[in-house]
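The chain contents come next:
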Amino acid sequence: MRTALTEMFGLEAPIVAFSHCRDVVVEASRAGGLGVLGAEAFTVEELAVELAWIEDHIGSRPYGVDVLIATRSTDISGYGNADPESVLPERNRAFVSDLLDRYAVPHLPADEEDRMTRDRLHTGRNT
């Protein structure tokens, strides 16, 4: 099946597989789709290791890296001394907020949303 996606990335199938597992990313791309590594849970050092491993195993197949941090929360106090604008600019927060509102995605309780954001940014763990 030929689509704009397959043409754009030289894919054999219009399949995109998002995963935090480098093996899944490689196998999806090697199978003709597009594997995409969810990178928000990795430190810079961990991400470098993951990307090097992917490069060593994927051949010439395309793949992607997802670095979006989607959240309604603006509290990033758990992210060290980082400037909030350097972590997630206001226009990004507004874009995500608009999407969540447009599609009626319910809010988490504020304390839970803030805890999840802090945990993901500060420790690199998904919750």
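Reference entry: report on the structure contained in this document. (Residues numbered from 1 in each chain as written. Predicted model: local features only at pLDDT ≥ 70, side-chain atom pairs only at ≥ 80, totals over all residues. Heavy atoms only, no water.)

**Quick notes on the packing of helix α2 (residues 22–30) against helix α3 (residues 44–57)**
The cut-off we apply is this: Axis lines are fitted through C-alpha atoms, for helices just across the contact stretch, and the angle between N-to-C directions can take any value from 0 to 180 degrees. Secondary structure elements are taken from DSSP: a helix is a run of H or I of four residues or more, a strand is a run of E of two residues or more, and numbering for both begins at the N terminus. For classification purposes, angles smaller than 35 degrees are called roughly parallel, those larger than 145 roughly antiparallel, those between 65 and 115 roughly perpendicular, and all remaining angles oblique. Handedness of a crossing follows from how the near helix is turned relative to the far one, being left-handed for an anticlockwise turn of less than a right angle and right-handed for a clockwise one. Residues are treated as being in contact if the distance between any of their heavy atoms lies within 4.5 Å. As a working rule, the residues Ala, Val, Leu, Ile, Met, Phe, Trp, Tyr, Cys and Pro are called nonpolar, Asp, Glu, Lys and Arg charged, and the rest polar, with Gly in that last group.
Interhelical geometry of α2 versus α3 gives an angle of 30° and a closest axis separation of 10 Å. One finds that α2 runs roughly parallel with respect to α3. Here α2 and α3 pass one another in a crossing that is right-handed. In this structure, α2 uses Arg22, Asp23, Val25, Val26 and Arg30 to contact α3, whose residues at the interface are Val49, Glu50, Trp53, Ile54 and His57. Among the residues making up the contact of α2 with α3, the classes are represented as five nonpolar, one polar and four charged.

**Let's talk about α2**
To be explicit about the condition: Here's how the labels work: a residue is buried when its accessible area is under 20% of the maximum for its type, exposed when over 50%, partly exposed in between, all with a 1.4 Å probe on protein chains only. To be clear, the arc concerns the directions from the helix axis to the C-beta atoms.
Of the residues making up α2, those classed as buried are Val25, Val26, Ala28 and Ser29. One face of α2 carries all of its buried residues, which in axial projection span an arc of 165°. Tucked into the core, α2 has its buried residues touching β1 (16–19), β2 (34–38), α3 and β3 (63–66). Following α2 by one or two positions, Gly32 has its phi on the positive side, about 110°.

**A word on α3**
Note the cut-off: By this rule, a helix spans an expected 1.5 Å times one less than how many residues it contains.
Spanning 14 residues, α3 covers 20 Å between terminal C-alpha atoms, matching the ideal 20 Å at 1.5 Å per step. For α3, the set of buried residues is Leu47, Glu50 and Ile54. The arc enclosing the buried residues of α3, seen along the axis, measures out at 65°, which places them on a common side. Exposed residues on α3 whose side chains face more than 90 degrees from its buried face are Glu45 and Asp56. Considering only its buried residues, α3 is in contact with α2, β2 and β3.

**Description of the sheet that holds β3**
For the record, the criterion: For two strands to pair, DSSP has to find at least two bridges joining them.
Strand order across the open sheet formed by three strands is β1-β2-β3, with parallel pairing between neighbours. Two strands bound the open sheet, and with one partner strand each, they are β1 and β3. Direction aside, the axes of adjacent strands within the sheet are offset by 25° on average. Two elements, β2 and β3, share four bridges in a ladder whose sense is parallel. Among the inter-strand pairings, Gly35 is bridged to a residue of β3, identified as Tyr63. Each of β1, β2 and β3 is contacted by α2, which is oriented at about 165° to β2, the strand it contacts most.

**Concerning the pairing of β1**
This is how the line gets drawn: The handedness rule is simple: strands pointing away from the viewer, and a clockwise path from the first strand over the helix to the second, make the crossover right-handed.
Here β1 shows a buried face lined by Ala17 and Ser19 and an unburied face lined by Val16 and Phe18. In the sheet, β1 pairs with β2 via four bridges, with the strands oriented parallel. Across the sheet, Ala17 pairs through a bridge with Gly35, a residue of β2. For the crossover that starts at β1, traverses α2 and ends in the parallel β2, the hand is right-handed.

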